[in-house]
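# A look at the structure
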Amino acid sequence: MRPALILAVLEREFLSTREGHHTPVMLWGPPGVGKSQMVAQVAKKHGVPVIDIRLSQMEPTDLRGIPFRVGDVVEWAIPAMLPDAQRHGAEGILFLDEITSAAPTVSAAAYQLILDRRLGAYTVPAGWAIFAAGNRQGDRGVTYSMPAPLANRFSHFGVETHLDDWVAWAYANNIDERVIAFLRFRPELLFDFDPAHNPVAFPSPRSWEFAHRALAKFGETPDLLLGSLEACVGPAAGVELKAFIDNLDNLPDIDAIINGASTTVPKETDLQYAVAAALVGRAIRAKGSADEARVYGNILDYAGRFPSREMGVMLVSDMQRAVGEKLFQLPQFAQWAKKIANVMIFDMWQKPAAKVK
């Protein structure tokens, strides 16, 4: 399932704690696809804490607590890491990350916590959602087969990579526009993991964020940049990204486009992607400013000049996701949409004619 839909599921399951019908959620996926980050996004949106418990690093007694004698009976000291309404708040997320890396004895200790929301005398506060995540057995991580009793305590969702969802996240989180443009140009490199070869560094949504950081740190140091990019996303993808960035010296003047000058569209496909990403970035920076409408309008005018209809649609779609529906109110949007509609009608008329031949 694509990340945008997974986020909707997690959001609804978090809110369901208020209604008394929350179901614990298990996210399955290879390393680096953003499982943990999606849980963090839901928590950030609602301003609630996340308690991240790594069962792979625990012993069974770490969950149950330490026994101590009270008179003639033994009681258990509740671990401080478990959610407590007074200390942590009435609402939050208990996140059991790397659950498939936990030893079977530890998983067994978690059964009651996950389904019954209890562990001995301890009870999970009513406003806390329970989410878990883990890698699949074929992903070359340290994993155990999830026991059927534990699996039956979750609803299960497989996390897939999706370029549009990642691009929307990247613009919202100020990821370097050159990285976004490169992945628009080479979408198959968003996630490229072959567990059979067990690579150390490989392209993934997580490692592309690392590449963004490398550009910020080593962008002015050419001798270090290539090696740092390869260290983040692997040798092949690192070399491709560096070559892509080096070619950006041939980009048209972005300021001229923003100011409405008559600027040509580059013929090279990689440069077209780079221009589109740079323009979306400028639109985001203009959001809420006095120049907002002028900047948006000039970008829309330029979108209509792309020789490929799909490139213009991609630019406008990314911009709309980033700045909102104000775009639809501009006269330039109506002009651009009309131009695109005319092309689509032409294509539809042409196809039946070809069949008649």
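Within each chain, residue numbers correspond to sequence positions counted from 1 in written order. A pLDDT threshold of at least 70 governs which residues receive local features in this predicted model, and a stricter bar of 80 or more applies before side-chain atom pairs are shown or counted, although totals over entire chains, interfaces and linings include all residues. No hydrogens and no water enter the side-chain calculation; it runs on all heavy atoms of the structure.

Under the annotation held in an unreviewed UniProt entry, the chain carries the name ATPase and is attributed to Sulfuricaulis limicola.

The 5 strands lie next to each other as β2-β5-β8-β1-β9, forming an open sheet whose pairing is parallel. Strands at the two margins of the open sheet, each flanked by one partner only, are β2 (50-54) and β9 (155-158). The average undirected angle you get between the axes of adjacent strands in this sheet is 20°. The pairing of β2 with strand β5 (residues 91-97) spans 5 bridges and is parallel. Paired with Val 50 across the bridge in β5 is Ile 93. Contacts: residue pairs with any heavy atoms within 4.5 Å of one another. Angles run from 0 to 180 degrees between N-to-C directions of axes, and those axes are lines fitted to C-alpha atoms, restricted for helices to the stretch in contact. Segments assigned H or I by DSSP are reported as helices when at least four residues long, segments assigned E as strands when at least two residues long, and all are numbered from the N terminus. Contacting β1 (25-28), β5, β8 (127-134) and β9, helix α1 (residues 3-15) runs over the sheet at an angle of about 145° to β8. The strands that helix α2 (residues 35-46) touches are β1, β2, β5 and β8; relative to β5, the one it contacts most, it runs at about 175°. Whether two strands pair comes down to DSSP finding at least two bridges between them.

Here the focus is α2. With 12 residues, α2 extends 18 Å from end C-alpha to end C-alpha; this agrees with the ideal 16 Å at 1.5 Å per step. Burial here depends on accessible area, computed with a 1.4 Å probe over protein chains only, as a share of the maximum for the residue type. Under 20% is buried, over 50% is exposed, and the range in between is partly exposed. The set of residues buried in α2 consists of Lys 35, Met 38, Val 39, Val 42 and Ala 43. Down the axis of α2, the sector holding all buried residues measures 140°, keeping them to one side. Exposed residues lying more than 90 degrees from the buried face of α2 are Lys 44 and Lys 45. Where the residues of α2 are buried, they touch α1, β1, β2, β5 and β8. Downstream of α2 by one or two residues, Gly 47 has phi in the positive range, about 65°. Every helix has an expected span of 1.5 Å times one less than the residues it contains. Read the arc as the range of directions from the helix axis to the C-beta atoms.

This paragraph deals with the layout of surface pockets. Method remark: on a 1 Å grid restricted to protein atoms, a set of points is classed as a cavity if a 1.4 Å probe fits but cannot get out and as a pocket if it is open with protein on both sides within 12 Å along at least five of seven lines; lining residues have an atom within 4 Å of a point. Grid points are joined across faces, edges and corners, and a volume is the space filled by probe spheres set on the points. The computed volume of the largest pocket comes to approximately 660 Å³. What lines the largest pocket is a set of 34 residues, and nearest its centre among them are Val 33, Gly 34, Gln 37, Met 38 and Gln 41. Broken down by secondary-structure element, the contributors of at least two residues to the lining of the largest pocket are α1, α2, β8, α7 (163-172) and α9 (205-218). At 6 residues, the largest contribution of residues to the lining of the largest pocket is made by α7.

On to the side chain of Ser 155, then. With respect to the helices, strands and loops of the structure, Ser 155 is situated in strand β9. If near-sequence neighbours (up to four positions away) are discounted, Ser 155 is found in contact with Thr 23, Pro 24, Val 25 and Met 26.

Now for the packing of α9 against helix α10 (residues 222-233). At a minimum axis separation of 9 Å, α9 and α10 run at an interaxial angle of 170°. When the interaxial angle is binned, α9 and α10 end up roughly antiparallel. As α9 packs across α10, the resulting crossing turns out to be right-handed. For the pair α9 and α10, the contacting residues are Ser 207, Trp 208, Phe 210, Ala 211, Ala 214, Leu 215 and Phe 218 in the first and Pro 222, Leu 224, Leu 225, Ser 228, Leu 229, Cys 232 and Val 233 in the second. An angle below 35 degrees is read as roughly parallel, one above 145 as roughly antiparallel, one from 65 to 115 as roughly perpendicular, and any other as oblique. Crossing handedness: left-handed means the near helix sits turned counterclockwise from the far one by under a right angle, and right-handed means the same turn made clockwise.

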